Amino acid sequence: MVFSSNVFLFLFFPLTIIAYYLIPNIKYKNYILLIASLIFYAWGEPVYIILLIFASLSGYLHSIFIAKANARGNKKQAKFLLISAVSIGLLLLGYFKYSGFLINNINLIFDVNLQIKELPLPIGISFFTFQILSYVVDVYRQEVKIENNFLTFVMYVAMFPQLIAGPIVRYSEIESEVHKRTHTIEKFANGVERFIFGFSKKLILANTAGYVYTQLLLDGRDQISVIGAWFAIIMYTLQIYFDFSSYSDMAIGLSQMFGFSTFPENFNYPYLSKSIGEFWRRWHMTLGRFFKDYVYIPLGGSRVSYLKWVRNLFIVWGLTGLWHGAEWNFIIWGLYFGVIIFFEKYFVNEKWNSRKVIPHVYSLFLILIGWMIFDATVKGDILFRVSVMFTAGHLTGNVVPLINLYSYSYIIQNIFFVIIGIVFCTKMPLNLYRKLNINVQNIILILLFIIAIAFMTSSTFNPFIYFRF
Amino acid sequence: MKLRIFSFFVIISIIFSSYFIGEFNKKSTVENRTLKTTIELEEGIKKGILDASFQDQLEEVMSDQIFGRNFQVTLESKISKAFGINTKFYEDYFMINDKIVLSLSDYVSRDDTKILNDEFFDKISVATDQLATVGSDLYGVYIYLESYYCARDRENCNVDIPLDNYFILNDLIDDEYAFNAGDHHITIDTQYNLFTQYMNKIGLSEYVMPLDYYYDTSFEFNTNGSREVSAKNAFGVKAYEYAPQPLVDAKITQGKTTEPFNNTELADKLKENPDPKKNSNRIYITPGYCGVAKQETTTGKYFVENPGALVDEKILLLGDSQICAASAFYYQTFKEVHTFDKRYQFIDVVSYVEENDIDHVVMYGRVGDGIDKWFDFENGGK
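Note that the structure is predicted; figures quoted are calculated from it, not measured.

## As for the environment of A326 of chain B
And then number 1: Tracing the chain through its elements places A326 of chain B in helix α11 (residues 323-333).
And then number 2: The sequence separation of A326 of chain B and S13 of chain B amounts to 313 residues, and the corresponding C-alpha distance is 48 Å.

## Brief notes about the side chain of S248 of chain A
And then number 1: Structurally, S248 of chain A is set in helix α9 (residues 226-257).
And then number 2: Setting aside chain neighbours within four positions, we find S248 of chain A in contact with P167, N266 and F267 of chain A.

## What to know about the pairing of strand β8 (residues 311-319) of chain B
Residue and element names in this part refer to chain B.
And then number 1: Of all nine residues making up β8, seven are buried, and the element is well covered by its neighbours.
And then number 2: In this structure, β8 lies alongside strand β9 (residues 334-341), joined through seven bridges in parallel fashion. Following the sheet pairing, I315 is matched in β9 by V337.

## Some thoughts on helix α16 (residues 381-391) of chain A
Residues spaced three or four apart along an α-helix point in a common direction, a consequence of the helix completing one turn every 3.6 residues.
Residue and element names in this part refer to chain A.
And then number 1: Within α16, burial applies to D381, F384, R385, S387, V388 and M389.
And then number 2: The elements touched by buried residues of α16 are α8 (185-219), α9 and α15 (358-374).
And then number 3: Residue A392 follows α16 closely and has a positive phi angle near 55°.

## Side note on the confidence of the model for chain A
And then number 1: Within chain A, residue pLDDT values average 88, and 97% of them lie at 70 or more.
And then number 2: Here residues 461-469 of chain A is modelled with pLDDT under 50, and outside its nearest four sequence neighbours on either side it reaches 53 contacts, counting other chains as well.

## Focus on the pattern of salt bridges
And then number 1: Scanning the model with the defined rule gives 15 salt bridges over all chains in all.
And then number 2: Residue K47 of chain B pairs with D51 of chain B through a salt bridge whose shortest N-O separation is 3.7 Å.
And then number 3: For D64 of chain B, the salt bridge goes to R69 of chain B, with nearest N and O atoms at 3.9 Å.
And then number 4: Under the relative-accessibility criterion, R69 of chain B is labelled buried at 6%.
And then number 5: A single salt-bridge network, built from bridges that share partners, covers R194, K201, D249 and E265 of chain A.

## Re the environment of Y140 of chain A
All names here are of chain A.
And then number 1: Relative to the elements of secondary structure, Y140 occurs in helix α5 (residues 125-140).
And then number 2: Judged by its relative accessible area of 25%, Y140 falls in the partly exposed class.
And then number 3: If we skip the residues at most four places from it in the chain, Y140 touches I66, N70, A78, K79 and L82.

Conventions adopted
Residues numbered from 1 in each chain as written. Chains lettered and ligands numbered in written order. Predicted model: local features only at pLDDT ≥ 70, side-chain atom pairs only at ≥ 80, totals over all residues. Heavy atoms only, no water. Helix = DSSP H or I, 4+ residues; strand = E, 2+ residues; numbered from the N terminus. Contact = heavy atoms within 4.5 Å. Buried < 20%, exposed > 50% of the residue type's maximum accessible area, 1.4 Å probe, protein only. Pairing = 2+ DSSP bridges. pLDDT = per-residue confidence, 0-100. Salt bridge = Lys/Arg side-chain N within 4 Å of Asp/Glu carboxyl O.

Written out as C-alpha cells, the structure reads:
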C-alpha cells in the first residue's frame, strides 16, 4: 500500500486513526498500530508478512539472549549471539535481494549455468532489516534496554509510517515513546501539515518530474539528444528528491499523528550542499548515520592508518551502493561517491565553503552524474548515457544531435515546472509559508491537499522509487 | 490548529462516506470512459487477496468512484496547464508553423481499447467466414471494423461493409477516451479545434465557420480504414470518424493530372442513411478522400484548388495521413491546399514553398512518432 493511494487515504488511514483514538490505553494503541501495520505491509504481498515476522522474531530472541549474556558478563557469548543475529538478518536480505545478482555474476565470470528461483523483492526489506540490526547491535552495546514484549517489538519494526521507505528509526530514538507518549492537538496538527506537504510534493512534483524523465530518456531513448539527456537527468534529480523526501515527510507526519515526536529527519535540503560530503550529510541521513555508526566507526573510522581509512571509506560506499540495489550500477554509484569523498578530503575546507557559487555548481554537477549512474539499470546504459551526454553519442558510435524537436518540445513544455521544482529544492517556499498568518497557512494546506488529491485521481503514474530498496 | 485538523478530516470523511452513499457512476463524462464499479475475482476472494488482485481492483474501484472525480480530473488538467506542467506531450499531437506550436495535450487520449464485442457480431450482417471468430488468435486484436472483415483473408479482402454496421457499432461503442482519437487519427472535433486555433494564431479567425457549416456544406463518405492496428498503446486507433470533405467546385492536381473534385456519388449514398452527425454518440468513420502526395504514387505534387475559397492564399500541410482529415477545413478556406506525407515525400520544403508561392506551411505530427526525422530539425528545420 502506498500513502498516495485512495485505499490508504480514504479507507486504511481513517479506520486506523479512529480505532487508535477510540482506545485509551497506550498498550492497546500499540496493538492497533501493530495490526494496522501488518495489514499495510501485507496489502501488496501477503506472503512476505511471514518473512517480516520471522526477521523480527530472530532479532527479538537474539536481543533477549544478548542482554542476558551481557548481564552475566559473558561477552564472548554476547558477541557470538550478535554475530548470529546479524548473520541471519543479512542472510535473509542477501537471499531475497542479492542472490539473483550473485548467481548471475558467477554464471558470467565462471561460464556456468547456476539457476535460482526468481523471487519478488519483499517491500522494504532493506529498511526493516537495518532497523532490526540496529536494535540488536544497540542491545549488544547496552545502549538500549531490551523490549520484552514481542508484539511491541514487531510494532517498532513494522510501524507502517516508516516500514517500507524509512526513515530508518533506531529503537533508542522512540524507546521512550513506545510505552509512554502524549497526544496533543499541536502535535497532531503538525503531523497533518507535514503529511500534506509530503503528499502534495509526491503527487504534484515528483510524479510530474518522473513522467517527463521517463518519456525523455527511457521511452524516448531512440529520439534522445544531448540537451534532452541533460534535461532528463535534471528531471530525475528533481524526481528522486521529491519522491523520497516526500515519503519521509509523510512518514514523519503520520508518526506525529500517532503521538510520536522523535522520528529522525531524513533530508535537509541536500541540493544546497557545497560538497559531496555535505550532500551525504543532508541526503538520506538515517542511512548515512547507520553506516557510520554500525560499519565505518566499528572498522576504525578515520582514526586508523591511511590505508585502512581508505579501505573503510570504500567499504562503506560500496555497501551504500549495494544497499540501494543488486545491480552493478548501484555499486558503481556508491564507489563513485567514495572516490569523490576521498578527494574532497584534500580540498574541501573552510576556504572552499566560503565561496558562494563554485561549490554549489561542483556539487550539483557531480550529484547529477551520480543520479545518471543510479538509474542506469539496463546493461550498457551508463556507457550509453555518458556517450550521449558528453560526446553526443560518438563514444558508442550512435551519434545524436545537440538538440532535436522531440527534446526541444519537452524542454519548452516543462521549463516552468523545472523552475518551480528548483525553487522547491530550497528553503524559500517553507520560509515564506512560515511567515504567513496561521489562517492563511491553513487555507494553503487545504488547497494543497485538494489539489494533490486531484492529481492522485488523475494520475496512474505513481511509483515510489525507494520502495525497491 | 483545530481548524487544520478539522478541515483535513472533513475532506477525508466526505470522500470516505461517499463510497457508501448512492450508486456508483458507470461512466465518466469528462474522460469518456467506463468506470470500474465492481471487484471481479475469478478464483474467489481468498486467492484474490493472496495474489493481491483483490487489493488492486479495490484501488481501481475506489479511484474510479472517488467523490467528485470529474471535478478532480478537470482541476488537475487546468492546474497542470496553468503551471506549464505537461506530462502528456509524448502522446501529443501538435501542429507547427514557424514559431507557432499548438499542443493538443488537453485532447489526446490514453491507451487504446478494442471497440468490438460479441453483441456487435450478433447484430451486424456479415458472413461469419469473413470475420475473426471468437476465440481465434485474431479475435479482439483488431480495432478497425474493416480489419475484422478482412481478418480471414487480408490479401483478397474486398468486402462491401454495410453502412448500417457502423451505426450498430456506434450504439455499442463504449470506448475510453474516444473524444479525439479516431481514424484518421484524431477526430474531426479535434481537427476542427486545431484548425480554429491555427486560424486564430495567424489572424484569420474571421474565416472560421461553426463546425456544422463544414458538415452541412460538404462531405465525402468513405469507409476505408488506413491500416490494421494490433499494437498496444497505439495512438489514435480507437474508432472511426467521418470527416467532412468539400463538395466544392474544386480541382485536384495529382502529379501531372488535374481532375474535378467530385464526390457526389458518395454524398448521395450518405443521404440515404441516417445522418450520423445528429447521433449524440457520434459514429466514427474514417475520412475518405485522402489526398496526400506519396512518392510512389505521384510525381511529387498533390493539391486541391478551390476558386470559391474564403481566403485567397495557399497553404501547405505536412504530416502523415492524418492530414487528410485535417485538410477538409483548409479546402473550404484556402485557394490552394497542398498536402504532403512526409513519410514518403522527402521534398525540400523551402524550395517547394518558393516555387509554388505558398503562403502558409503547417506541420502536423505526433511527438512520439519520431517527428524529428520528418522535420529535419537537426539541420535547421528545413
